[in-house]
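# Inside the fold
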Amino acid sequence: MIIDGKKTAEDLRKDLKRKISELKSTYNAVPGLSVILVGEDPASKIYVKNKAKFAKEVGLNSEVIRYPANLEEKVLLNKIKDLNKNTKVSGILVQLPLPSHIDKKKVIDTIDHAKDVDGFHPMNVGNLSSGYKSNIPCTPLGCSILLKKVEKNLNGKHAVVIGRSNLNGKPMTQLLLKENCTVTITHSKTKDLKAECLRADIIIAAVGIPKLVKGDWVKKGAIVIDVGINKTESGIVGDVDFDEVSKVAKAITPVPGGVGPMTIACLLQNTINCFKRSNI
Ligand code: NAD
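Let me begin by describing the structure that accompanies this report. (Residues numbered from 1 in each chain as written. Predicted model: local features only at pLDDT ≥ 70, side-chain atom pairs only at ≥ 80, totals over all residues. Heavy atoms only, no water.)

## What to know about the overall build of the protein
To keep things clear, this is the line we draw: Numbered from the N terminus, helices here are DSSP runs of H or I no shorter than four residues, and strands are runs of E no shorter than two. The quantity called the radius of gyration is restricted to C-alpha atoms. Its globule counterpart is 2.2 Å times the number of residues to the power 0.38. Any two residues whose heavy atoms approach within 4.5 Å at even a single point are treated as in contact. Residue burial considers only the protein chains on display, and all accessible areas are found by Shrake-Rupley using a 1.4 Å probe.
The number of helices and strands found in the protein is 10 helices and 10 strands. Relative to the 2.2 N^0.38 estimate, which gives 19 Å for 280 residues, the radius of gyration of the protein is 19 Å and therefore close to what a compact globule would have. On the principal axes, the C-alpha backbone points of the protein span a range of 50 × 45 × 35 Å. Across the protein, the fraction of contacts at a sequence separation of at least 24, relative to all contacts at a separation of at least 6, is 69%. Of the accessible surface of the protein, which amounts to about 13900 Å², a share of 53% is contributed by carbon and sulfur atoms.

## A word on helix α1 (residues 5-27)
Condition: The span one expects for a helix is its residue count, reduced by one, times 1.5 Å. Polar contacts here mean pairs of N or O atoms no more than 3.5 Å apart (in protein, one a potential hydrogen donor and the other a potential acceptor; neighbouring residues in sequence count only if both atoms are side-chain atoms).
With 23 residues, α1 should reach 33 Å at 1.5 Å per residue; the first-to-last C-alpha distance of 32 Å fits that figure. One side-chain oxygen of the residue at the start of α1 lies 3.2 Å from the amide nitrogen of lysine 6, identifying that residue as aspartate 4. The positive-phi residue at the C-terminal boundary of α1 is asparagine 28, with phi of around 55 degrees.

## Looking at the nonpolar core
We count it as follows: By nonpolar core we mean a set of buried residues, namely Ala, Val, Leu, Ile, Met, Phe, Trp, Tyr and Cys, connected to one another through side-chain atoms within 4.5 Å. Any residue under 20% of the maximum accessible area for its type is buried, any over 50% is exposed, and the rest in between are partly exposed; the area is computed with a 1.4 Å probe on protein chains only. Where a domain begins and ends is set by an automatic assignment or by a domain database.
If you look at the biggest cluster of nonpolar residues, it comprises 49 residues, and the most contacted ones within it are Leu147, Leu176, Ile202, Ile204, Ile223 and Ile225. Looking at which element gives the most residues to this core, the answer is helix α10 (residues 259-278), with 10 residues. Taken together, domain 1 (27-114) and domain 2 (138-259) each give at least three residues to this core, which thus spans both. In contact with isoleucine 225, other than residues within four places in its own chain, are Ile3, Cys143, Leu146, Leu147, Ile203, Ile204, Ala205, Thr253 and Val259.

## Remarks on a nonpolar patch on the surface
Selection rule: Here the term patch refers to residues with relative accessible area over 30% and no salt bridge, with like charges joined within 9 Å and nonpolar side chains (Val, Leu, Ile, Met, Phe, Trp, Tyr) within 5 Å. Within this document, salt bridges are pairs made up of a side-chain nitrogen of Lys or Arg and a carboxyl oxygen of Asp or Glu, the two lying within 4 Å of each other.
Together, Tyr47, Ile229 and Ile236 make up a nonpolar patch on the protein surface, roughly 270 Å² of accessible area in all. You can see isoleucine 229 is positioned in the loop between β7 (223-226) and β8 (230-232).

## Brief notes about the sheet that holds strand β5 (residues 182-186)
For the record, the criterion: Paired strands, in this sense, are two strands between which DSSP finds at least two bridges.
Read across the open sheet, the five strands follow the order β5-β4-β6-β7-β10; overall the sheet is parallel. The open sheet has two edge strands with one neighbour each: β5 and β10 (251-252). Bridge count for β7 against β10 is two bridges, and the pairing is parallel. From the neighbouring strand, isoleucine 223 faces β10, where its bridge partner is alanine 251.

## Looking at the site of the ligand
Our working definition: By convention in these notes, a residue is near a molecule or strand provided one of its non-hydrogen atoms lies within 4 Å of it. Amino acid classes used here: Ala, Val, Leu, Ile, Met, Phe, Trp, Tyr, Cys and Pro are nonpolar; Asp, Glu, Lys and Arg are charged; the rest, including Gly, are polar.
Contacts to the ligand come from 21 residues, most closely from Arg164, Ser165, Asn168, Val227 and Thr263. In this structure, an oxygen atom belonging to the ligand sits 3.0 Å away from a side-chain N or O atom of asparagine 168. When grouped by side-chain class, the residues that make up the shell around the ligand number nine nonpolar, 11 polar and one charged.

Right, dumping it as structure tokens:
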């Protein structure tokens, strides 16, 4: 089974569009998303453009606030504080990476955790790991939705997460624990990654190394979710060798067209959730 992230994301956006029009008639207001982009990083510019495009498509009020790369940190923090107070803004996202003179932690800490649609604020990270309600980072959230399309009940499955980033690996681990999986987290210092992968019913690869996971690393019938987006001479590829692994896996996400489209759809969903919570 090829897990179609593009179609799943489309369906989710349709559902969100319907929810937004319901919210509009109930509250006479729609959720608002403010995205801040600092500098000219080409990949960030594409991500932000797509976020704005899909936000508009589903009917969110969205704005992109652009700053030059030499922006003073203080100006950015003050802008975030203004957005925190603005009742029309339900969600705030600061596109990462930031220029090196800006302290990323300070920026994330300044965002009101109730408006932190990326789920990176320590309050959201803590709530997620404690099993409380929180904003969940968009990419792992998208991975969970795709996993659930293959198998509703993940009880007792052995999941191996490759990568321990705050963005992907760590929150993914929490979501899998919530589903009662037994989780192994692997990373750059893991001694025998192939042996770990071979024990997995579920593999989540979030590394950033093209085609790292090979066909003979994967148990027959495993589910493989590929988070990686790697630019190579032959185009964009994932962290999984799709041609090899698709022959042994029960289900696999392609790159592109797998996890990527889900990330933005989940961002829109998080924005709606923030709006709803602030209107209860
Ligand atoms: P990161 O660089 O922050 O983390 C990579 C992780 O991989 C680290 O924890 C590191 O320990 C681990 N690692 C490195 N080499 C390894 C090795 N040889 N064996 C095992 N583990 C190793 O990366 P990230 O931000 O988590 O992103 C990972 C990948 O996911 C990248 O390709 C990125 O472009 C992609 N990504 C995709 C989406 C999406 O929407 N699909 C979103 C974010 C990131």
